[in-house]
Amino acid sequence: MTGKPALKLVAPVVSGATALIEAEKFNVWFHDTQVLKDIAVSFDKGLINCIVGPSGGGKSTFIRSINRINDGIDGFVVQGELSFKGRNIYAAGTDVTQIRKAIGIVFQKPCVFPKSISENVLFGLQPLRITKLEKLCVVEKQLKAVSLWKEVSHRLNDPATSLSIGQQQRLCIARTLAINPEVILLDEPTSALDPVSTRAIEELMLKLKDRYTLVFVTHNIQQAKRIADKLIFICEGQIIEQGDKDKLFNQPEHERTRIYLHDEYCEC
Ligand SMILES: Nc1ncnc2c1ncn2[C@@H]1O[C@H](COP(=O)(O)OP(=O)(O)OP(=O)(O)O)[C@@H](O)[C@H]1O
Ligand SMILES: [Mg+2]
């Protein structure tokens, strides 16, 4: 494939950035297949940034690139700029552990550890020496933040796997919050959940959006309609259209956007 760099490109620091996360001419390949093409987007604090688009379009690849969890995949190559607070995430010398602390991710299926509820909340804090009382404060604070405290405060030592799937997903978000990230990436976090748990996560997003930069991938157009502020439509590795949610739903510039958002169908 022409234009594919031999190595991961080291791009310079982006100056004058205002958004927390910015991509500019960002490309990704898996071996010879280009799966993201010239992605240019920014994610601001205070907004729910929703990414929608057909299966295989590159949504997960993109958000997984933001906290560098694609790094270990054989054949993964990036080119272009993807910055966090004005610094290229792929620059030489980047502390990947720090990136992952600052940019948390929640997956489609809740992935709780085979430990107790409170140990799951505290999991990312393990290396820190904090007292028992401080630990309890963290557990209470984060479980309250995800509206799980009332449901589980009497059973904090029970296995996390004993929770319902919806509760487990909120526990995963609490575990992410405990690390004190600035950005939270969510890859279809409600697709395995029932409607009540889905609404609980949506309400949680609305509550969290002022404190965190949220990037939320969803297949559910109605969900995007309910919670998105900014909407990004990705198809076949390209951003077809992005902007204010109401504008994309009511007055899209591209026919493909209109068809996808209204009929959940794409001819790309
Ligand atoms: N580890 C990998 N190795 C090779 N190709 C991959 C890998 N992961 C993803 N891809 C390819 O990259 C493209 C984008 O996949 P991705 O998972 O990002 O799409 P998506 O938009 O998240 O899809 P879905 O909505 O089904 O989750 C697809 O063609 C996929 O096959
Ligand atoms: Mg995906």
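Scope of this entry: the structure provided in the associated data block. All figures in this text were calculated on a predicted structure; none of them were measured in a lab.

**Structural notes on the pairing of strand E2 (residues 33-43)**
Reasoning step 1: Looking at chain direction, strand E1 (residues 21-30) and E2 are connected through seven bridges and run antiparallel. Across the sheet, phenylalanine 30 pairs through a bridge with threonine 33, a residue of E2.
Reasoning step 2: Remark: two residues form the turn of the hairpin made by E1 and E2, two consecutive strands paired antiparallel; histidine 31 in that turn has positive phi of roughly 55°.

**A short note on the layout of surface pockets**
Reasoning step 1: Roughly 530 Å³ of volume is contained in the largest pocket.
Reasoning step 2: Contributing elements (two or more residues each) for the lining of the largest pocket: helix H2 (96-102), strand E6 (103-106) and helix H6 (165-178).
Reasoning step 3: When residues in the lining of the largest pocket are grouped by element, the largest group, four residues, is from H6.
Reasoning step 4: Of the residues contributing to the lining of the largest pocket, the split by class is 12 nonpolar, seven polar and four charged.
Reasoning step 5: Volume-wise, the second largest pocket comes out at about 330 Å³.
Reasoning step 6: Looking at the lining of the second largest pocket, the elements that each hand over two or more residues are helix H3 (117-122) and helix H4 (132-145).
Reasoning step 7: If you tally residues by element for the lining of the second largest pocket, the top one is H4, at four residues.

**Notes on unusual backbone geometry**
Reasoning step 1: Residues other than glycine seldom take positive phi values, yet aspartate 38 does so here, at roughly 50°.
Reasoning step 2: A positive phi is found at glutamate 236, a non-glycine position, where the angle reads about 45°.
Reasoning step 3: Of note, glutamate 236 is situated in the loop between strand E9 (230-235) and strand E10 (238-244).
Reasoning step 4: Judged by relative accessible area, glutamate 236 falls into the partly exposed class, the value being 48%.

Here is what the cut-offs are and how they apply
Residues numbered from 1 in each chain as written. Chains lettered and ligands numbered in written order. Predicted model: local features only at pLDDT ≥ 70, side-chain atom pairs only at ≥ 80, totals over all residues. Heavy atoms only, no water. Pairing = 2+ DSSP bridges. Helix = DSSP H or I, 4+ residues; strand = E, 2+ residues; numbered from the N terminus. 1 Å grid on protein atoms, 1.4 Å probe; cavity = no way out; pocket = protein on both sides within 12 Å on 5 of 7 lines; lining within 4 Å. Points joined across faces, edges and corners; volume = space filled by probe spheres on them. Nonpolar A, V, L, I, M, F, W, Y, C, P; charged D, E, K, R; others polar. Buried < 20%, exposed > 50% of the residue type's maximum accessible area, 1.4 Å probe, protein only.

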